[in-house]
Amino acid sequence: MNPQVKQITTAHLPLRYPFALGNGSKRTSTPVVFLKLDCKGFLGMGEAALPPYLVETPDSVRAFIDRVDWTQISYPFPMGEVHAYLNSLSFGDYAAKAAVDMALHDIKAQMGMNPVSDLFATTGLPAPPTSLTFGISTPDELLRKFKDSKGFTRFKLKLGGPHDRACVEALRQATPHPINADANQAWTDKEEVLDMLYFLHENGVKSLEQPMPVGQFDDMCWLKERSPMPLIADESFQTLEDLAGLHGGFHGINIKLMKCGGIYPAMEIIHAARIQNMSIQLGCMTESSLATYAALVLAPLVDTVDLDGPWMVSDQPFATPKLKAGRIVPPMLPGIGAKAL
């Protein structure tokens, strides 16, 4: 049984608040491509969420999907072989591959009348609470966003703006809950970054993602030796092949389905990172509940969860997940389980 493309849909997910990062980018929406595959009447859905730094576009996603020879992919979809074939078509296109990966997992689980988590033996296992991310803001803007964050028990603060320290202090005063931070490569002076790390540590921030540009790995190694908190690789890390080269500069990694190509390659990365004693964060883009539920099946296997995409957008085609004690409640439906509105 071979899947066939049923539908490819392009959309723009509007964001609840303008989303600014330390790299200077600011956007009000995220382009996405939804893929629907049909295999003997079972419909599987996948999503490619495309923030600008990924380079991929709706056109490139469609072009990649057009190159797939679906006769090369047969049920029960042995995913190692599937990804070997997809990778033979191009070196990159990981968000497009993630959409295919999700849709195939969705079909396979539906055929067995099981949630996708059954395929990874994670059904019913406890997972960490998810954080909610705040883009670069003024302190007043930040506190308005915080008041709109009911149900969350962890937060992530984007840094690299003119009000970093005031925002950290304002959020710390507003909540006793854990806070993580992400600079998105905003800083270049290692001495200044180290000073900021001690400030963050003194204010109870638990970890910092990607403080310096990808090309300053030697400076990251210097920082890692002196840092009072874990340093997490995001832009410096994308696929399994990147993992071995990170040890000197980072304590952990941020896995995203759109960066690595889907659920199956993310699972491979988790296994390899555990062997190498790296901490693991499971992250996302500004994306719909479909991609979030796909990633959620791996949440019990990681240390921290940052799957806040559906709460970052103001309009999407799927129902927003429910939270319980800050944790995303799995849908427990056959397949990925995202409910169309």
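Refer to the preceding data block for the structure.
The text that follows walks through the structure, step by step, so that each part is easy to find. (Residues numbered from 1 in each chain as written. Predicted model: local features only at pLDDT ≥ 70, side-chain atom pairs only at ≥ 80, totals over all residues. Heavy atoms only, no water.)

**Description of the sheet that holds strand E3 (residues 42-49)**
Turning to step 1, where the next piece is worked out: With antiparallel pairing, the three strands of this open sheet are ordered in space as E1-E2-E3. If you trace the sheet from one side to the other, it starts and ends with strand E1 (4-20) and E3, each paired once. Strand-to-strand twist in this sheet, taken as the mean axis angle between neighbours without regard to direction, amounts to 20°.
Turning to step 2, where the next piece is worked out: Pairing of E1 with strand E2 (residues 26-39), which is carried by 12 bridges, proceeds in the antiparallel orientation. (Pairing = 2+ DSSP bridges. Helix = DSSP H or I, 4+ residues; strand = E, 2+ residues; numbered from the N terminus. Axes fitted to C-alpha atoms, helices over the stretch in contact; angles between N-to-C directions.)

**Considerations on the packing of helix H2 (residues 79-89) against helix H3 (residues 94-111)**
Turning to step 1, where the next piece is worked out: Relative to each other, H2 and H3 sit at 150°, their axes nearing to 11 Å. Relative to H3, H2 is oriented roughly antiparallel. Here the hand of the crossing between H2 and H3 comes out right-handed. Contacts between H2 and H3 involve Met79, Val82, His83, Leu86 and Asn87 from the former and Tyr94, Lys97, Val100, Asp101, Leu104 and His105 from the latter. (Parallel < 35°, antiparallel > 145°, perpendicular 65-115°, else oblique. Left-handed = near helix turned anticlockwise from the far one by under 90°. Contact = heavy atoms within 4.5 Å.)

**Digging into the sheet that holds strand E11 (residues 304-305)**
Turning to step 1, where the next piece is worked out: With parallel pairing, the eight strands of this open sheet are ordered in space as E4-E5-E6-E7-E8-E9-E10-E11. The outermost strands of the open sheet, each flanked by one partner alone, are strand E4 (132-134) and E11.
Turning to step 2, where the next piece is worked out: Judged from the two bridges that link them, strand E10 (residues 279-282) and E11 form a sheet pairing that is parallel. Bridge pairing in E11 places glutamine 281 opposite threonine 304.

**Here's the deal with the nonpolar core**
A general trend in soluble globular proteins is that nonpolar side chains are found buried together.
Turning to step 1, where the next piece is worked out: Among the nonpolar cores identified, the biggest contains 110 residues, and Leu208 and Ile255 are the most heavily contacted of them.
Turning to step 2, where the next piece is worked out: Of the residues forming this core, the biggest block, 11 residues, is contributed by H3.
Turning to step 3, where the next piece is worked out: In contact with isoleucine 255, not counting residues within four places along its chain, are Phe237, Cys260, Ala266, Ile269, Ile270, Ile280, Gln281, Leu282 and Gly283. (Core = buried A, V, L, I, M, F, W, Y, C linked by side-chain atoms within 4.5 Å. Buried < 20%, exposed > 50% of the residue type's maximum accessible area, 1.4 Å probe, protein only.)

**A word on unusual backbone geometry**
Turning to step 1, where the next piece is worked out: With an omega of 15°, the peptide bond running from tyrosine 75 to proline 76 counts as cis.
Turning to step 2, where the next piece is worked out: Take proline 76: it is sitting in the loop between helix H1 (58-67) and H2.
Turning to step 3, where the next piece is worked out: Non-glycine residue lysine 40 carries a positive phi angle of around 55°.
Turning to step 4, where the next piece is worked out: With respect to the helices, strands and loops of the structure, lysine 40 is situated in the loop between E2 and E3.
Turning to step 5, where the next piece is worked out: Of note, the phi angle at glutamine 210 is positive, near 35°, even though the residue is not glycine.

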